[in-house]
Amino acid sequence: MGKQIQLNAFEMAGAMHNSHGLWKHPQSRRHRHYNDLSYWIDLAKLLERGKFDALFFADVAGVYDVYRNNKEPAIRDGLQFPLNDPAMMISAMASVTTDLSFAVTVSTTYEHPFSHARRFSTLDHLTKGRIAWNIVTSYLPNAARNYGLTNMIKHDERYERADEFLDVVYQLWEGSWEDGAMIADVERGILVDPEKVHSINHEGHYYQVEGPHLTDPSLQRTPVIYQAGTSERGKEFAAKHAECVFIGGPTNEKIREHIKDIKARAKRYGRNPEQVKLYTFLNVIVAETTEEAEAKFETYQKLWSAEAAKAQYGGSSGYDLSKYTDLDSYFEYKHTEHGQSRAASLTKDAPKKLTVREVLNRFETINRDHVIVGNPKEVADAIQFFFEDTGIDGFNLAHFVTPQNLQEFIDLVIPELQDRGLYKKDYAEGTFREKIFGKGQSLLPNGHPGSRYRQTHTTKL
Ligand SMILES: Cc1cc2nc3c(=O)[nH]c(=O)nc-3n(C[C@H](O)[C@H](O)[C@H](O)COP(=O)(O)O)c2cc1C
């Protein structure tokens, strides 16, 4: 069997994600029901019916406040706002599914590694090993102020901090508890063998953590690690830590370049490049006929909010588009402390130099270049070409109208991909890491920096 597409539903635990303005669509259920557990339970069941690998929750720690130097555009259109804590509904969704996994975004800039390690071990226990962590370092100035900072920590320093954060959680997940520490020996009156549980005594630049880890090891110990970010520093971080990396790219050629680059860097870190899977975005509008799909696209266009799109771009890139008034001038790259791959996407990574007018126009409508519109066969053809031409491993599927678009994708596109042998008909057995990398691979592989902490701690309690 050839390589098959891995698929995540790109989600957020709030009223809206990136389908700017589409909450106005009469079929949009999420902004009405995202506070209802039944909404998430139904979504989990739907995705498992479609054999999705994971439900991927994006998350942010503040309001988008760069565009117009103001929070209003984001709040008015519900841009990733209001937003619940994604970790909270996972137990309920796990209880109605057996194979769907859950990737949850958590920022290393605004969480503490000790509580984070505990929360994710708990989730990994409760889901029987179906948890992944999407590591972000966060880009919103409002998030910084929510956590007591005047300004954001600078881009590269956020990654330094993330590196140490990872060092701490690896010690807790991999090193603190030996296998078989929970002995429940009634005769000797010992529940947990203290000889097999170790403090970590981490004394670092950013964190001091004594340990031991409060939670005993879960099936995967360390959750599957996702990361997105293709700045120089972001790629180094991904190559060192991530098992699943999200990359963007304006062209297939750029995506191929990123894949090659990240795999080569992983090798330099002593890792097997096969242990790093690459994902990119996918956006689809499908209907029984081409005409119906095109009509849908037109409807979505009318509801699109350019203001929310610009607000999202402002926060993620650091470029406030309200300040660009000379329409005929070129839109130049400038360094910001926000997301650097996003900043580069319309400047130095763009296939051609863009004027301010061209850039602004891109936000006025849904960018057709990034959406596959058509009947099931046309959509499957386009996905197959994208998959084979880039060599990508999988996609994060976005959606304009939720859950309708996901339902349509599952009913119309998935069977077409299955018939072509491009998509699984059944889940593989085991934990999430085993489903992605193969049976018997529940734990981080040797060569991964987290694996070096396995049972190396000799500090007695
Ligand atoms: C598919 C994908 C998902 C992302 N999800 C989030 C997210 O949920 N929260 C967040 O703060 N940033 C998210 N980001 C942004 C990245 O974490 C990162 O900040 C950004 O790509 C900039 O990194 P860079 O400067 O290394 O390019 C996402 C990026 C991509 C490509």
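Residues numbered from 1 in each chain as written. Predicted model: local features only at pLDDT ≥ 70, side-chain atom pairs only at ≥ 80, totals over all residues. Heavy atoms only, no water.

Draft legend 1. Representation of the layout of surface pockets in the model. Roughly 400 Å³ of internal volume is contained in the second largest pocket. It is strand β3 (residues 101-107) that contributes the most residues to the lining of the second largest pocket, four residues altogether. Looking at the lining of the second largest pocket residue by residue, the classes come out as twelve nonpolar, six polar and four charged. (1 Å grid on protein atoms, 1.4 Å probe; cavity = no way out; pocket = protein on both sides within 12 Å on 5 of 7 lines; lining within 4 Å. Points joined across faces, edges and corners; volume = space filled by probe spheres on them. Helix = DSSP H or I, 4+ residues; strand = E, 2+ residues; numbered from the N terminus. Nonpolar A, V, L, I, M, F, W, Y, C, P; charged D, E, K, R; others polar.)

Draft legend 2. Fine view of unusual backbone geometry. For the bond running from Gly211 to Pro212, omega is 10°, close enough to zero to count as cis. Tracing the sequence through the fold places Pro212 in the loop between β8 (208-209) and β9 (224-228). Look at the link from Thr402 to Pro403: it is a cis peptide, with omega at 0°. Following the sequence through the fold, Pro403 ends up in the loop between β13 (394-398) and α15 (404-419). The backbone of Lys51 shows a phi angle near 55°, a positive value even though the residue is not glycine. Its location among the elements puts Lys51 in the loop between α2 (37-49) and β2 (54-58). In the Ramachandran plot, Ala184 falls in the positive-phi region, its phi being about 45° despite a non-glycine side chain. Within the secondary structure layout, Ala184 lies in strand β5 (residues 182-185). Its relative accessible area of 47% is what places Ala184 among the partly exposed residues. (Buried < 20%, exposed > 50% of the residue type's maximum accessible area, 1.4 Å probe, protein only.)

Draft legend 3. Representation of the packing of aromatic side chains in the model. Counted according to the given criterion, the structure contains 26 aromatic pairs. Between the aromatic rings of Tyr313 and Phe363, the centroid separation amounts to 5.0 Å while the plane-to-plane angle is 55°, which identifies the pairing as tilted. Taken together, the residues span a long stretch of sequence, with Tyr313 in helix α11 (residues 306-317) and Phe363 in helix α13 (residues 356-364) at a distance of 50 residues. Comparing Tyr313 with Phe363 shows no difference in burial state: the two are buried. An aromatic cluster of at least three residues, connected via ring pairs, comprises Phe10, Phe56, Tyr226, Phe246, Tyr279, Phe281 and Phe432. Directly above the aromatic system of Tyr333 lies the positively charged group of Lys348, at a separation of 3.9 Å from the ring centroid. Taking NZ or CZ as reference, Lys353 lies 5.0 Å from the ring centre of Tyr330, over its face. (Phe/Tyr/Trp six-rings, centres within 6.5 Å; stacked < 30°, edge-to-face > 60°. Lys NZ or Arg CZ within 6 Å of the ring centre and 35° of its normal.)

Draft legend 4. Structural context of empty space enclosed by the protein. Within this structure, the stated rule accounts for one cavity of 30 Å³ or more. There is about 40 Å³ of room inside the largest cavity. Forming the boundary of the largest cavity are Val284, Leu397, Ala398, His399, Asn405, Leu406 and Phe409. Within the residue set of the lining of the largest cavity, elements represented by two or more residues are β13 and α15. No other element matches the three residues that α15 contributes to the lining of the largest cavity.

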